[in-house]
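Spelled out, the chains give:
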Amino acid sequence: MIKNSIITLRVVKIFNLKNVISIKDFQKKDIEFILNEAENLEKVAKSEEKSEELSGKILGMMFFEPSTRTHLSFESAMKRLGGSCVGFVGTEASSVSKGETLADTSKMFESYSDALVIRHNLEGAAKFISNIVDVPIINAGDGAGQHPTQTLLDLYTIRRNFDKIKGLNVALVGDLKYGRTVHSLAYALGLFDVEMSFVSPNELKMPKETLHDLKKNNVKFYQTNNLKEVIDNVDVLYVTRIQKERFPDEEEYSKIKGAYCINKSLINGKDLIVMHPLPRIDEISTDVDNTKYNKYFEQAFYGVPVRMAILKNIIKNK
Ligand code: CP
């Protein structure tokens, strides 16, 4: 009994972030705390155990861009914890379509909910509203900026498969310029002493600012446009979609689309796992789906326990 009380006090002290805006705001101990919490919540996420921890609490969700996984897994996470959700995906049915500003829309959500999840096409949107409302803000993707909760579930997937993150060799493949998941993930992996390869067409390299920050933190990485150079040494092949919607010129997209395609014959016999934040277009062949390499559907499920861990702690800390 005394032991339990001590553990509870320690937990409250360890995780004290009010908002989840950027993975750069997380220290390694914050990440490990969320991953441990998620592990404890997996049974609730699978409906094998019940929880009412967030009973009576409401999560507001403002998705100005489309989403399947992030939106549904946040909703599932909130409901599995006994809470409920309000919000929109796509602005057509909200007063945003009448011209209401982001600031005013956010203030309305603040009145109706205990925490707020936002996905927006503008980089910095989540940070912007965190300065004008008092409820906790969770960034569910801001343009080509960050997608921190995706990163936490990515790390969780890696740890679930290898029982560790430290020392692994991870290749981030595809659109490293516009893909927000890889921007967040590169920073986070940098905290865990991994070796990283950045594999992309020359036009879609990791932003200079990210490379600069990684170098400053003595993080090891290698850049190439040739996947075959690195594939034999990787533990995790993290594949991403070319982000068509972020290209200023559709012709440029047409030249690059289909640059990489992971299929069964490419990875057969190798000792690695394949991850993808999804949705995929053509960068992973469906012939990988029924192999041991496929971890991308499992990864999407882990969005539920990881987001439960985030919601539980962020709403409790409110
Ligand atoms: N991974 C991810 O963000 O998927 P959605 O765009 O479907 O939310």
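Below you will find a few notes about this structure. (Residues numbered from 1 in each chain as written. Predicted model: local features only at pLDDT ≥ 70, side-chain atom pairs only at ≥ 80, totals over all residues. Heavy atoms only, no water.)

So, on to the pattern of salt bridges. One pass over the structure, following the stated rule, counts 17 salt bridges. Between K312 and E37 there is a salt bridge, with its nearest N and O atoms 3.2 Å apart. Taken together, the residues span a long stretch of sequence, with K312 in helix α11 (residues 296–316) and E37 in helix α2 (residues 28–45) at a distance of 275 residues. Under the relative-accessibility criterion, E37 is labelled buried at 10%. (Salt bridge = Lys/Arg side-chain N within 4 Å of Asp/Glu carboxyl O. Helix = DSSP H or I, 4+ residues; strand = E, 2+ residues; numbered from the N terminus. Buried < 20%, exposed > 50% of the residue type's maximum accessible area, 1.4 Å probe, protein only.)

The next subject is the site of the ligand. Taken together, the residues surrounding the ligand are S67, T68, R69, T70, R119, H147, Q150, P277 and L278. Contacts to the ligand include P277, whose backbone N or O atom sits 2.8 Å from a nitrogen atom. When isolated, the ligand has an accessible area of 250 Å², and the protein chains bury 91% of it. Looking at the shell around the ligand, its residues break down into 2 nonpolar, 5 polar and 2 charged. (Near = heavy atom within 4 Å. Polar contact = N/O pair within 3.5 Å; in protein donor to acceptor, adjacent residues only side chain to side chain. Areas by Shrake-Rupley, 256 points an atom, 1.4 Å probe, with all protein chains shown as cover. Nonpolar A, V, L, I, M, F, W, Y, C, P; charged D, E, K, R; others polar.)

Right, let's get into the environment of S55. Structurally, S55 is set in the loop between α2 and β1 (58–63). With 24 residues separating them in the primary sequence, S55 and K79 have C-alpha atoms 8.7 Å apart. Apart from the residues within four sequence positions on either side, S55 is in contact with L81, G82 and G83. (Contact = heavy atoms within 4.5 Å.)

Once that is clear, we can look at the packing of α2 against α11. Put simply, α2 and α11 touch, their axes get as near as 8 Å, and they point 115° apart. Here α11 runs roughly perpendicular to α2, going by the angle between their axes. The two elements α2 and α11 cross, and the hand of that crossing is right-handed. Residue-level inspection shows F33, I34, E37, A38, L41, E42, V44 and A45 of α2 in contact with α11, the latter providing F301, Y302, V304, P305, V306, M308, A309, I310, K312 and N313. (Axes fitted to C-alpha atoms, helices over the stretch in contact; angles between N-to-C directions. Parallel < 35°, antiparallel > 145°, perpendicular 65-115°, else oblique. Left-handed = near helix turned anticlockwise from the far one by under 90°.)

What follows concerns helix α4 (residues 102–112). Turning to α4, its buried residues number three or more, namely L102, A103, T105, S106 and F109. The buried residues of α4 occupy one face: seen down the axis, they fall within an arc of 160°. Turned more than 90 degrees from where α4 packs its buried face, S111 and Y112 sit exposed. Buried residues in α4 make contact with β1, β2 (84–89), β3 (115–120) and α5 (125–130). (Arc of directions from axis to C-beta.)

The strand order across the open sheet built from 5 strands is β7-β6-β5-β8-β9, with neighbouring strands paired in parallel fashion. Both edges of this open sheet fall to β7 (221–224) and β9 (273–275), since each of them pairs with a single strand only. Averaged over neighbouring strand pairs, the angle between their axes works out to 20° when direction is ignored. As judged from the 4 bridges shared by strand β5 (residues 169–173) and strand β8 (residues 236–239), these two strands associate in the parallel manner. Note on β8: the bridge partner recorded for V170 is V236. Contacts between helix α6 (residues 148–162) and the sheet are confined to β8 and β9, with β9 contributing the most and set at about 165° to the helix. (Pairing = 2+ DSSP bridges.)

Attention shifts here to the side chain of T240. Considering the arrangement of structural elements, one finds T240 in the loop between β8 and α9 (250–256). Among residues more than four places away in sequence, those in contact with T240 are V173, G174, D175, T181, V182, H276, P277 and E283.

Turning next to the packing of aromatic side chains. Evaluation of the coordinates by the stated rule reveals 10 aromatic pairs. Aromatic side chains F198 and F221 sit 5.4 Å apart centroid to centroid with 25° between the ring planes, which places their arrangement in the stacked category. Here the residue F198 occupies a position in strand β6 (residues 195–199), and F221 occupies one in strand β7, the gap between them amounting to 23 residues. With a relative accessible area of 1%, F198 lands in the buried category. Clustering of aromatic rings is evident, with ring pairs tying together F15, F26 and F33. (Phe/Tyr/Trp six-rings, centres within 6.5 Å; stacked < 30°, edge-to-face > 60°.)

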